[in-house]
Amino acid sequence: MSASVLKTSVNIKSPEFEKNTRKVIDLVTQIKNEEEQISRGGGAKAIESQHKKGRLTARERLKKLVDPGTHFTELGIFAAYEMYEEWGGAPAAGTITGLARVCGRTFMIIANDATVKAGAFFPMTAKKVIRAQNIAIENHIPTIYLVDSAGVFLPLQEDVFPDTDDFGRVFRNNAVMSAMGIPQLAAIMGMCVAGGAYLPLMCDHILMTEGSGLFLAGPALVQAAIGQVTSAEDLGGAKMHSQISGTVDFREPDDDACIKRIRALADKMGAPNPTPFSHVTSREPLYPGSEIYGVFSNDPGKQYDMREIIARIVDGSEFEEYRAEYGETLLCGYARIGGWAVGIVANQKKHVQTTAPGSDQKRIEFGGVIYTESAEKAARFIMDCNQDRIPLIFLHDVNGFMVGKDAEWSGIIRAGAKMVNAVSNSVVPKIAVICGGSFGAGHYAMCGKAYDPRFIFAWPTARYAVMSGDAAASTLAEIKLKQMEREGKKVDEKAKQEMLASVKATYDKQTDPRYAAARLWVDAIIDPAHTRDVLITSLEAASLNPEIREFKTGVLQT
């Protein structure tokens, strides 16, 4: 079988390559340093307090739970980043979520971090747990909960309690997952109180350690409510729930024993159903992933060839490009990643010389812009991947759709709607990686968060907004100036420049990937050099769900 091997033309010794490398590595280092700080949770004092109770921290539990020598793919570590600062902050939203191997099998892990406000649920905590559950539901991933939580963070209860993406949805998802046959194990390894007590009881297997507590109301609240005086142990301790209420399946003396029991149970689970997706033996790319640092440029004035990025991600650097000479600002093609067959839709950042439709006139198409031809090509390619049961990978570096008279006359809105329709109704797994810009309707067409990607990741170089910073800042500043002029205020040139700088700083902060990750618009900020590994983990997780519903697009604007 012949294969199209991508040849590289990158000069890894060029000043431009070295400059790009330094720039990206600086950003990656900054992100990793911040992740290290976040991973400390509530800090040394809170960790010491957890140890004094005879308990491990959430991260210590995870280290013992996952298979030795395997990697924990953490999701949502930047959740609540720079939020709730009036309450002392909530690093990682007080909970840890991610994918891990336990006894050789992929699990979703959801662990309360009791060093952060006793594991209480902030608004973003609930949303983070629900996002992890939704990933588990979409991909049929068995789930382990390590429960150690004081329940709802009461000062913010109105934003935690009532809505469809709030606290109660967690228990609803427990019930739905159980009904779907997705195994769930819950280990109570600390406090589990009030409404939160329902989480383990909605799971298939319940474990509890000595010294933990499981009750709808603690001793103080019971005394206040009905005047009954009781100890925490008698009210809802492990021995009581094991011997009297019959609530827990396994009573364990400590965290170590509990984790061993979890692993023993995981080891006995039946195999997942066969995957419907093509998988063969994995092969490494011909070029190292670390070279992505030097290939990529997020300088708006610079171009790069997205094929060079693809060549450092896919097996054997082989890429069967679809309609390579048509709609060239979007690359579409077939490849394998970690042995998994995939379809790739990627924004090409090189400018392209082409012939205008319906004439013999030459024109330049700008890299990162979606034109009518590229949108139509991508729509057809996405439909073909659905027809052939091939998961889709979207690599974003998109400024948006082309505008102007020529674009409108060519039917850009119709073509864009066709692409959005195909993405919206796609039934195969979709995984998105925001490499550079992801702006406006281009973000939507490239399977943004609103289009149900199974996973969505961002590089530290990502920018995520309606439009790029300079254009948006100028527009917003102009609106403010006109408003001030209408109010009779005079603004000199210096004040105008200060206003523009202030607006741009605010907008740039909001387009930063950490701002998006804080709000769970992306699942993780990843090292570009590790993109292949993250995609392999995501594809392995997606393969656990064998169900593919019938593919229909509805009416297409042809």
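Since the structure is predicted, the reported quantities are computational estimates derived from the model, not experimental observations.

(A) Inspection of the state of the cysteines at higher detail. Counted under the stated rule, the structure contains 0 disulfides. A disulfide-free cysteine, Cys 385 has its sulfur positioned 8.3 Å from the sulfur of Cys 332, the nearest such atom. Judged by relative accessible area, Cys 385 falls into the buried class, the value being 0%. Unpaired in terms of disulfides, Cys 435 finds its nearest cysteine sulfur in Cys 447, a separation of 14 Å.

(B) Structural detail: the pattern of salt bridges. Scanning the model with the defined rule gives 29 salt bridges in all. Linking Asp 315 and Arg 532 is a salt bridge whose minimum nitrogen-to-oxygen distance equals 2.6 Å. One end of the pair, Asp 315, is in the loop between helix H12 (306–310) and strand E9 (320–321); the other, Arg 532, is in helix H20 (residues 531–542), and 217 residues separate them in sequence. Judged by its relative accessible area of 3%, Asp 315 falls in the buried class.

(C) Representation of the side chain of Asn 173 within the structure. Assignment of secondary structure puts Asn 173 in helix H5 (residues 167–179). Engagement of the side chain of Asn 173 in a polar contact is seen with the side chain of Gln 133, the distance being 3.1 Å. Of the polar contacts made by the side chain of Asn 173, one reaches the side chain of Arg 172; its length is 2.9 Å. Those residues within four positions of Asn 173 in sequence are excluded, and the remaining contacts are Ile 130, Gln 133, Asn 134 and Ile 137.

(D) Fine view of the packing of aromatic side chains. This structure, assessed with the given rule, holds 15 aromatic pairs. Consider the rings of Tyr 84 and Phe 122, whose centres lie 4.9 Å apart with planes at 40°: the pair is tilted. Of this pair, Tyr 84 sits in the loop between strand E1 (73–75) and strand E2 (95–102) while Phe 122 sits in the loop between strand E3 (105–112) and helix H4 (123–139); the two residues are 38 residues apart in sequence, bridging distant segments of the chain. Taking relative accessible area as the criterion, Tyr 84 reaches 11% and is therefore assigned buried. On the basis of an interplanar angle of 55° and a centroid distance of 5.0 Å, the ring pair of Tyr 334 and Phe 381 is categorised as tilted. You can see Tyr 334 sitting in strand E10 (residues 330–337) and its partner Phe 381 sitting in helix H13 (residues 372–387), a full 47 residues away along the chain. What makes Tyr 334 partly exposed here is its relative accessible area of 24%. When its relative accessible area of 0% is taken as the criterion, Phe 381 is described as buried. Aromatic ring contacts, followed pair by pair, group Tyr 84, Trp 87, Phe 122 and Phe 153 into a single cluster. Here the basic side chain of Lys 405 rests over the ring of Trp 409, its NZ or CZ set 5.1 Å away from the ring centre. Across from the ring centre of Tyr 515, 3.5 Å away, lies the NZ or CZ of Arg 519, which sits over that ring.

Reading the values: the criteria
Residues numbered from 1 in each chain as written. Predicted model: local features only at pLDDT ≥ 70, side-chain atom pairs only at ≥ 80, totals over all residues. Heavy atoms only, no water. Disulfide = S-S within 2.5 Å. Buried < 20%, exposed > 50% of the residue type's maximum accessible area, 1.4 Å probe, protein only. Salt bridge = Lys/Arg side-chain N within 4 Å of Asp/Glu carboxyl O. Helix = DSSP H or I, 4+ residues; strand = E, 2+ residues; numbered from the N terminus. Polar contact = N/O pair within 3.5 Å; in protein donor to acceptor, adjacent residues only side chain to side chain. Contact = heavy atoms within 4.5 Å. Phe/Tyr/Trp six-rings, centres within 6.5 Å; stacked < 30°, edge-to-face > 60°. Lys NZ or Arg CZ within 6 Å of the ring centre and 35° of its normal.

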